[in-house]
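Spelled out from the first residue to the last, the chains are:
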Amino acid sequence: MPVRNICCIGAGYVGGPTCSVIAYKCHDIKVTIVDLNQARIDAWNSDNLPIYEPGLDEIVFERRGKNLFFTTDVDGAIQEADLIFVSVNTPTKKSGMGAGMAADLAYVEGATRRIAEVAKSSKIVVEKSTVPCRTAQSMRTILEANSTPGIHFDICSNPEFLAEGTAIKDLLNPDRVLIGALQTPEGIAAQKALAEVYTHWVPADRVITTNLWSSELSKLAANALLAQRISSINALSAICEATGADVDEVAYACGRDSRIGSKFLKASVGFGGSCFQKDILNLVYLSEQLHLPEVAAYWKQVVIMNEYQKKRFVRHIISTLFNTITNKKIAVLGFAFKKDTGDTREAAAITLIKDFIQEHARVAVYDPKVDHEQIFRDLSEPGVIDTRKEVEKHVTICASAYEACHDADAVVLVTEWDEFRDTALDYQKVYDNMHKPAFLFDGRLILDAAKLRQIGFKVSVIGKNE
Ligand code: NAD
Ligand code: UGA
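Residues numbered from 1 in each chain as written. Chains lettered and ligands numbered in written order. Predicted model: local features only at pLDDT ≥ 70, side-chain atom pairs only at ≥ 80, totals over all residues.

The protein is annotated in an unreviewed UniProt entry as UDP-glucose 6-dehydrogenase of Umbelopsis vinacea. Looking at the Sequence similarities (unreviewed entry) heading of the UniProt record, one finds this comment for the protein: "Belongs to the UDP-glucose/GDP-mannose dehydrogenase family." In the Catalytic activity (unreviewed entry) part of its UniProt record, the protein is described as follows: "UDP-alpha-D-glucose + 2 NAD(+) + H2O = UDP-alpha-D-glucuronate + 2 NADH + 3 H(+)". (UniProt positions renumbered as here; feature names shortened; annotations may be inferred.)

Following this line, the structure appears as structure tokens:
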């Protein structure tokens, strides 16, 4: 039976864009995206969507109220649907067994139990959240133990590979769509029904079908392999700085080998985002549980290297500023974990600014898309700095890059927003209004250092020692 009615549980960075694109491409399917968070749903129903993603507004505004709906009526949407995406958050556990490493599956379990409790007809349940390998087994047990007699559930794993900032592009033209299912006649039929949703716009040869466990593990594996490339090039950036090699040249020279490839080899201040660290730690935990300590240590090193890169950058800034940044004004350009998103989860800027505050610097932050309150919330988290007051004493949020850099001793470029490029921002104006010597630290390798040195800046770039 073709799918006619889809419910997506979780209106976040994945559920929102993914199911909006399904509605946009499949006018014959009614798509209802639900969430427990009323404010988030209200925002999805407003002119000001809760997430910034290039191209998202147009798609939502075109289909909303036609075959795309946002609501907090979770039960109603579950009952109507033939297929349900579970796209809820799976953060790293904060306490209990596996704290700091294992994924917290409470939200997945909550959504699964709700489906079992309220469903009045058979459904295909699709695991969209990133989960540890064999989670589908637990979902199946919960569904079977709690459902009304006569109702049957099939489970598919359909991990999402979109990247923030390019989500719409990635969804409209994915490299592949992965669908895992039990290789039973019912499982294969469910797999086929979900595949037919995607083949409304994705060429059939890009829809890969596998068994459930391969699909679940492939998602963790893909993120681990991607993050590993960044940690590898960042490890090489340290060697470049010590030897005079240039990390951009090394990445280019290596990436030209088609077996290596050029993508995801850009050295940086360290990767951020809600998933890389969480998913690698998840893989580390899985390896430990499987009594594979060498495998666990191998993947853990990717995260350790990422922390090292951030700390190394801070140490370099402090030593360049004559070993003290106390009372100095540091302008931080960018707070989001990458350009074209307002998402700040695990952003490198958070680690850097917390360290600057520890050193008693005055920090001025500018980001074109991140909400001011969000910046204070991220910096005030308990831990290194546990009071909001302390943060407010040290950090000012600015309305422009020029304002942030005014009277600064150093500018630290943390997010690669296009408006910070030397072709967009007037660095002469920035320089004229800074304390001298005017230091500039490029954590994203997007600036023309020679041009900026001509203006008078003392420029440092990760992975270069010019
Ligand atoms: P998110 O926090 O933005 O959204 C999750 C939403 O689920 C929240 O709004 C929350 O209120 C809602 N929710 C939780 N429990 C619920 C319940 N029982 N009923 C209804 N709503 C509920 O998270 P996200 O970034 O969209 O990530 C979701 C999943 O997708 C995670 O497993 C993540 O690892 C994975 N993923 C994320 C990305 C990404 O780029 N953010 C990419 C691929 C995969
Ligand atoms: C990443 C993956 O790219 C997606 O395929 C995956 O679906 C997603 O995680 C997920 O599971 O959540 P995302 O975190 O949104 O997507 O963004 P990326 O483009 O991967 O960037 C992650 C971090 O790595 C950013 O901080 C980025 O600046 C950094 N990065 C990326 C580098 O430092 N160098 C690079 O060459 C590429």
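**Notes on the site of ligand 1**
Surveying the vicinity of ligand 1 reveals 28 residues, the closest of which are Gly10, Gly12, Tyr13, Ser129 and Thr130. The element contributing the most residues to the shell around ligand 1 is helix 5 (residues 106-118), with four residues. (Near = placed C-beta within 6 Å. Helix = DSSP H or I, 4+ residues; strand = E, 2+ residues; numbered from the N terminus.)

**So, the domain arrangement of the protein**
How big an interface is tends to be stated in terms of the accessible area lost upon association of its parts. In terms of domains, the protein is made up of domain 1 (5-202) and domain 2 (303-461). On a C-alpha basis, the centres of domain 1 and domain 2 stand 37 Å from each other. Counting residues at the interface gives six residues for domain 1 and seven residues for domain 2. For the side of domain 1 that touches domain 2, the residue count by class is four nonpolar, one polar and one charged. (Domains from an automatic or database assignment. Contact = placed C-beta atoms within 7 Å. Nonpolar A, V, L, I, M, F, W, Y, C, P; charged D, E, K, R; others polar.)

**Focus on the sheet that holds strand 6 (residues 153-157)**
As summarised here, the arrangement of the eight strands in space is 3-2-1-4-5-6-7-8, forming an open sheet in which the pairing is mixed. Of all strands in the sheet, those bounded by a partner on one side alone are strand 3 (68-71) and strand 8 (207-211). With strand direction ignored, the average angle separating the axes of adjacent strands in the sheet is 25°. In this structure, strand 6 lies alongside strand 7 (residues 177-181), joined through two bridges in antiparallel fashion. Residue pairing in the sheet places Cys156 in a bridge with Ala181 of strand 7. Against the sheet, helix 8 (residues 185-198) contacts strand 4 (83-86), strand 5 (123-127), strand 6, strand 7 and strand 8, and its axis sits at roughly 160° relative to strand 7. (Pairing = 2+ DSSP bridges. Axes fitted to C-alpha atoms, helices over the stretch in contact; angles between N-to-C directions.)

**Observations concerning the site of ligand 2**
Taken together, 21 residues are adjacent to ligand 2, and Lys266, Ser268, Phe271, Gly273 and Cys275 come closest. Element by element, the count of residues in the shell around ligand 2 is highest for helix 9 (residues 212-243), at three residues. Across the shell around ligand 2, the residue classes tally to eleven nonpolar, six polar and four charged.

**Side note on the pairing of strand 10 (residues 362-366)**
Burial within strand 10 is extensive, with five of its five residues counted as buried. Alternating residues of strand 10 divide into Arg362, Ala364 and Tyr366 and Val363 and Val365, and every residue in both groups is buried. The pairing of strand 9 (residues 329-333) with strand 10 spans five bridges and is parallel. From the neighbouring strand, Val332 faces strand 10, where its bridge partner is Val365. For the crossover from strand 9 across helix 13 (residues 348-358) to strand 10, the handedness is right-handed. By the bridge criterion, three bridges tie strand 10 to strand 11 (residues 395-397) in an arrangement that is parallel. Residue pairing across strands places Ala364 opposite Thr396, the latter belonging to strand 11. (Buried ≥ 20, exposed ≤ 12 C-beta atoms within 10 Å, placed from the backbone. Right-handed = clockwise from strand over helix to strand, strands pointing away.)

**Regarding the packing of helix 1 (residues 15-25) against helix 3 (residues 56-63)**
Orientation of helix 1 relative to helix 3, taken along the N-to-C sense of each, is 55°, at an axis distance of 9 Å. Here helix 3 runs oblique to helix 1, going by the angle between their axes. The way helix 1 lies across helix 3 gives a crossing that is left-handed. For the pair formed by helix 1 and helix 3, the contact residues are Pro17, Ser20, Val21, Ala23 and Tyr24 on the first element and Leu56, Ile59, Val60, Glu62 and Arg63 on the second. (Parallel < 35°, antiparallel > 145°, perpendicular 65-115°, else oblique. Left-handed = near helix turned anticlockwise from the far one by under 90°.)

**Details of the sheet that holds strand 13 (residues 439-442)**
Strand order in the open sheet formed by six strands is 11-10-9-12-13-14, with parallel pairing between adjacent strands. For this open sheet the edge positions go to strand 11 and strand 14 (458-461), each flanked by a neighbour on one side alone. Strand after strand, the sheet turns through a mean of 20° between neighbouring axes, direction not considered. Strand contacts of helix 13: strand 9, strand 10, strand 11 and strand 12 (410-413), with the helix running at about 155° to strand 10, the strand carrying the most contacts.

**Re the environment of Cys405**
Position of Cys405 relative to the elements: it lies in helix 16 (residues 401-405). The class for Cys405 is buried, based on 26 C-beta atoms found within 10 Å. Distance in space between the C-alpha atoms of Cys405 and Ile357 is 17 Å, their sequence separation being 48 residues. With residues near it in sequence (within four places) discarded, Cys405 still touches Ala331, Val411, Val430, Asn433 and Met434.

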